[in-house]
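Fold and geometry: a report
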Amino acid sequence: MLSKSNFFVLLYLLPHLVALAQTENTDLIEQLVESMADDLTEDYDYMELTEKWNYYLKHPIDLNKTNGETLSELRFLSPLQVAAIIAHRKAAGPYLTVYELQAVEGLNVEIVGLLLPFVQVEQGSGFDRSANEYLSSGRHDLMFRYGRILEKQQGYLITDPTRSSYLGNADRLFGRYRYTIPQKLQLSLNMKKDAGEQFFKGAQRLGFDFYSGSLSLQKIKRWQQVVIGDYSLQFGQGLALWTGLSFGKGALVQHVARQGIGLRPYTSSNEFAFFRGMAASYAVRNWTVTPFISYKKLSATFVDSTSGRSYYSAIIENGLHRTPNEVSNRHNLTQLLLGTNIQYQKNAFTLGVNVLHTELSGNIMPRALPYNRYAFVGSDLSNASIYYHTYIHNMYLFGELAHSFGSGLAYTNGLIASLSHKLSLVLQQRDYQKNYHAFYNQALAEGSHAVNEKGFYTGLIFQPSKKVLWVAYADSFRFPWLRYRVDAPSSGQDLFSQLNITPNKKVRYLLRYRFRNKAENGDSIHPTAILERVKRQQVRAESQFQLSSTLTLRNRIEFGHYKKATEVEKAYLFYQDVIYKSRGMVSGNIRVALFKTDGYNSRIYAFENDVLYASSFPFYSNKGIRYYLNLRCRIKIGVDFWCRYAVSRYPALHELGSALDKIEGNRKSELKLQMRFQF
Amino acid sequence: MFIAFLNLFLLLTALNLSAQVYPAARYCAMGNTGNALQGVEGLTSNVAGISSLTEVRAGIYHQAHFFNADIRTQGLLLAIPTGLGVFGSQITNYGIKDAYGEFKANFSYAKRFGPQLSIGLAMNYHQLQLSAYGKSQSFSVDVGLQLQVKPTWTIGARFANPGYASYDYDTYAVIPVIIGLGTSYQVHTNLLVTADTEKILYRDKIDFRTGLEYKPISWMSFRGGIGLNEFSQFCGFGLVYNKMNLDLATVIHHRLGLSPQLLLAYAF
């Protein structure tokens, strides 16, 4: 428990901590998003994360009621930290105030600062509210977004019906509605039209190309969660059953341990990784059972074989239905999924089992290339997995073993150990067989799917003082079978080191180095490819200064180096951000970035601020300048307006992009407008 | 055919890695770091590391390289503290049985100068045996020093074979000239972290290594480490029973696999 003097120190510190937390949310999103797979598309939707944070900002988690699951949902706490918060409550009694978090072992000032806005200690809690009280606490949230690339792209200019073109216009539309009764009910509806897709026409005659909705009820007697409509499932380490966001290797080293949050309504606009149907979690004592059923339509590349047996060569996950070809594949395959999860939890120990069966309406048969030799072929697949996680003293142990019936195995084990209050160690071992198949597999891996890989990850988090934080990891991996563009078994390493220095509450420095070494086919003209080592290096320096309570400056310089055989590419990126945040009507931020890369291979990724709930993580390549402006205008309480204008200029080029996305000229600009009503 | 090819490959790689004789188990498990560590294992790394010993210690160790019983290192360690300083000796043999051997015997001396500075010196006798070609021998010197900056923080440096001693005929086997720098930091009473950088002069590469030792209970330690240039992982554990030490370590080379080592030491 806190002593009185500490308590007053904290009261004094608190406003600073909260201010710190607000500016750091963006950094945190960036750190999280960066750790996701590199090959996610540029417009991948990460808003699940921001939406969750915004939800918990409005409806903070009660420290005295949470079993830790909701804390895990915030995504920035390590499993050990979540356990420490719960353990403190058990040892010292219920939290009297949120400031008491400071006294929890394993939480540093920065983490407490991040956490404070999302938690509360409810006074006089424990009585049941009436139905009317619940209904009156319900909130509506309605949001529309419009976006467009202002220059004409090739795909919209083609009128010749024999050539491929974009059938719809270049507008991007997104609509979202939520009705929430905190901790009881959530109604969600998402609607999306991508650029190039038709609207109330053609294949999209019902308006938007993608609709997603769900009704979720929580905590009705023993029913923890019931979702009708679209939902996501996250169990174990993600080997058999995981949809939605999953983070991989990155600055947040503790994310190597997946923290599955089970059944949740699906609220993202990504068009592939979710389930559609019904699922529920039913809890009896230490047991929770989550049966689920899903039936949904997928888009897949259809191959009409002349011999009469047609098949699908690949499932398309990007959700784009813009060209006649994409439209012809739209929703041409159905997927039925049935299964259940059973989880047992006692004290610090959790053990769970997933069993699921997937059936497709057609046969999947990837192209007959050597690297596809062990890929999934057929129309049905059954999976089972068993997973555990537990706390023992200062250690968190986790793992999962999964099997796809008739084919391979995959397993992973790991630990996070806080060896002292200054140093934590993270280890993860993984072995995913080349013939292991699962449709919703998002376990930690170097490759884009957790298959055909063996690896060992070692990470360290070292905090010698409150002002210095150093994280580093080394990951060594092998691919026992061939991969796309790698025509032999191969291996590689990924090394990462990052130093954060926070001399005071208003200044932050960051220094990062990353080295990646992988094999890839050489560019020789011989029919048999010889593997070459591809080495990528990244050096990043960043600083942030909070000039006043409203104004923050942030800049970054990053160098990249790419080497494959004799081919070398160098790159740099520099940007300056000015962030203006006020409690008044208008807030906003500006970035000006200069960049030069010798080629596409040395492209540099950087997170960009965007309108609320949207996010951009574009790469910078070639030579040019990019700038953007984000504005937020609080028109009145409950009505907000956002506007984003971003421009990239490439002085040396005459055309940008390729194929249907080609733009004549050297400028690409984008406008986004967003309106939100809360009532 | 494949086995023959593999043996040839391992042999050539082993010869090429001949300088890669790992230090004794504890240091080896801690990522092949030892420039700033104290202990009898200093005889196999920075000789200044034996200067803090207060009792006579003897050890014996065996390492099977790449889990291949044919390529191995065997060694004996002995350190005797006296009023004049700590005297030590090490005898090792690295090689392939009946085919190739690098024998090394040394005599070491280390002394503390004040509470912070330790200096050590080793004189080595090397003998190279190639069953088909005969023998060659040579003498070399190693120097090392350690500075305890704070009770929890030590830095160390060593220079192995500064005189560029070599065998008298041209073979793959060389007596490596090594410059090493390292640091160790006692994060907590039960947690020690190390980082070393070493350069072998005839090679282009500089190796960076880091390791840690965690002692959850007084009689048991867990160790681990990583070497970056020629990526390798290391792990091991140590047990103490009365005056007996048992240390187990293994090198995990990302291509060549495991090289386990066992060391048994006794304090008199």
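1. Quick look at the overall build of chain B
When you go through chain B residue by residue, the secondary structure sums to 2 helices and 14 strands. Over its C-alpha trace chain B gives a radius of gyration of 18 Å, about what one expects of a compact globule, namely 18 Å for 268 residues. Along the longest, intermediate and shortest principal axes, the C-alpha atoms of chain B span 55 × 35 × 35 Å. Burial status across chain B gives 42% buried among its 268 residues. Residue pairs in contact within chain B that sit at least 24 positions apart in sequence constitute 46% of those at least 6 positions apart.

2. Quick look at the overall build of chain A
The number of helices and strands found in chain A is 8 helices and 32 strands. Its C-alpha atoms give chain A a radius of gyration of 25 Å, near enough to 26 Å, the size a compact globule of 679 residues would have. The buried share among the 679 residues of chain A stands at 38%. Residue pairs at least 24 apart in sequence account for 59% of intrachain contacts in chain A once pairs closer than 6 positions are excluded.

3. Let's talk about the interface of chain A and chain B
Taken together, the contact pairs 11 residues of chain A with 12 residues of chain B. It is strand β20 (residues 490-504) of chain A that contributes the most residues to the side of chain A that touches chain B, 3 residues altogether. Here the side of chain A that touches chain B is built from residues that sort into 5 nonpolar, 5 polar and 1 charged.

4. With respect to the nonpolar core
Ranked by size, the top nonpolar core spans 117 residues in total, and within it Y231(A), C28(B) and F234(B) carry the most contacts. Residue contributions to this core peak at 5 residues, all from helix α4 (residues 79-92) of chain A. For C28(B), the residues in contact, after removing those within four places along its chain, are Y22(B), P23(B), F234(B), G236(B), A249(B), V251(B) and Q261(B). Ranked by size, the runner-up nonpolar core spans 8 residues in total, among them L573(A), A593(A), I604(A) and A606(A).

5. Some thoughts on the confidence of the model for chain B
Caution is warranted with low-pLDDT regions, since their predicted coordinates should not be read in detail. Taken as a whole, chain B shows an average pLDDT of 87; of its residues, 91% reach a score of 70 or greater. Note on residues 1-19 of chain B: pLDDT under 50 across the span, and 12 contacts to partners over four residues away in sequence or across chains.

6. Digging into unusual backbone geometry
Across the chain, the bulk of peptide bonds are trans and the bulk of non-glycine residues have phi less than zero. Positioned with a positive phi, D98(B) is a non-glycine residue whose angle comes to about 65°. Among the structural elements, D98(B) can be located in the loop between β3 (85-96) and β4 (100-113).

7. Things to note about the environment of Q225(A)
Take Q225(A): it is sitting in strand β7 (residues 223-234). Placed 127 residues apart in sequence, Q225(A) and V98(A) show a C-alpha to C-alpha distance of 27 Å.

8. Looking at the environment of I111(A)
All names here are of chain A. One can find I111 in helix α5 (residues 109-115). Classification of I111 by C-beta neighbours within 10 Å gives partly exposed; the count is 17. Considering only alpha carbons, one finds I111 and L101, 10 residues apart in sequence, at a separation of 9.7 Å.

9. A few points about the pairing of strand β17 (residues 423-432) of chain A
Residues and elements named next belong to chain A. Of all 10 residues in β17, 7 are buried; the element is thus mostly enclosed. Pairing of strand β16 (residues 409-418) with β17 involves 9 bridges; the strand directions are antiparallel. Its bridge partner being in β17, N413 is matched across the sheet by Q429. Linking β16 back to β17 in an antiparallel pair, the connection comprises 4 residues. In this sheet, strand β18 (residues 453-465) lies alongside β17 in antiparallel orientation, the contact comprising 10 bridges. Within β18, the residue paired with V426 across the bridge is G459.

10. Focus: the confidence of the model for chain A
Residues of chain A with pLDDT of at least 70 account for 92%, and the chain-wide mean is 87. Note on residues 1-24 of chain A: pLDDT is under 50 here. Beyond four places in sequence and across chains, it has 27 contacts.

11. Section: the environment of Y473(A)
All names here are of chain A. Structurally, Y473 can be placed in strand β19 (residues 468-479). We classify Y473 as buried; it has 23 C-beta atoms within 10 Å. Residues Y473 and W53, spaced 420 residues apart in sequence, show a C-alpha to C-alpha distance of 27 Å. Discounting chain neighbours no more than four positions away, the residues touching Y473 are K249, V253, Y457, T458, G459 and F496.

12. Quick word on the pairing of strand β1 (residues 57-64) of chain B
Residue and element names in this part refer to chain B. Here β1 shows one buried face, formed by R57, G59, Y61 and Q63, and one open face, formed by A58, I60, H62 and A64. Across 8 bridges, β1 lies against strand β2 (residues 71-82) in antiparallel orientation. For R57, the partnering residue across the bridge sits in β2 and is A79. Relative to strand β14 (residues 257-267), β1 runs antiparallel, the two being bridged by 7 bridges. Its bridge partner lying in β14, R57 is registered against A267.

13. Overview of α4(A)
All names here are of chain A. With 14 residues, α4 should reach 20 Å at 1.5 Å per residue; the first-to-last C-alpha distance of 20 Å fits that figure. Three or more residues of α4 are buried, namely P79, L80, Q81, V82, A83, A84, I85 and H88. In this fold, the buried residues of α4 make contact with α3 (69-73), α5, β14 (378-392), β15 (395-404) and β16. Two residues or fewer past α4, G93 is found with a positive phi of approximately 85°.

Rules of the game
- Residues numbered from 1 in each chain as written.
- Chains lettered and ligands numbered in written order.
- Predicted model: local features only at pLDDT ≥ 70, side-chain atom pairs only at ≥ 80, totals over all residues.
- Helix = DSSP H or I, 4+ residues; strand = E, 2+ residues; numbered from the N terminus.
- Rg over C-alpha atoms; globule rule 2.2 N^0.38 Å.
- Buried ≥ 20, exposed ≤ 12 C-beta atoms within 10 Å, placed from the backbone.
- Contact = placed C-beta atoms within 7 Å.
- Nonpolar A, V, L, I, M, F, W, Y, C, P; charged D, E, K, R; others polar.
- Core = buried A, V, L, I, M, F, W, Y, C linked by C-beta atoms within 7 Å.
- pLDDT = per-residue confidence, 0-100.
- Pairing = 2+ DSSP bridges.
- Expected span 1.5 Å × (residues − 1).

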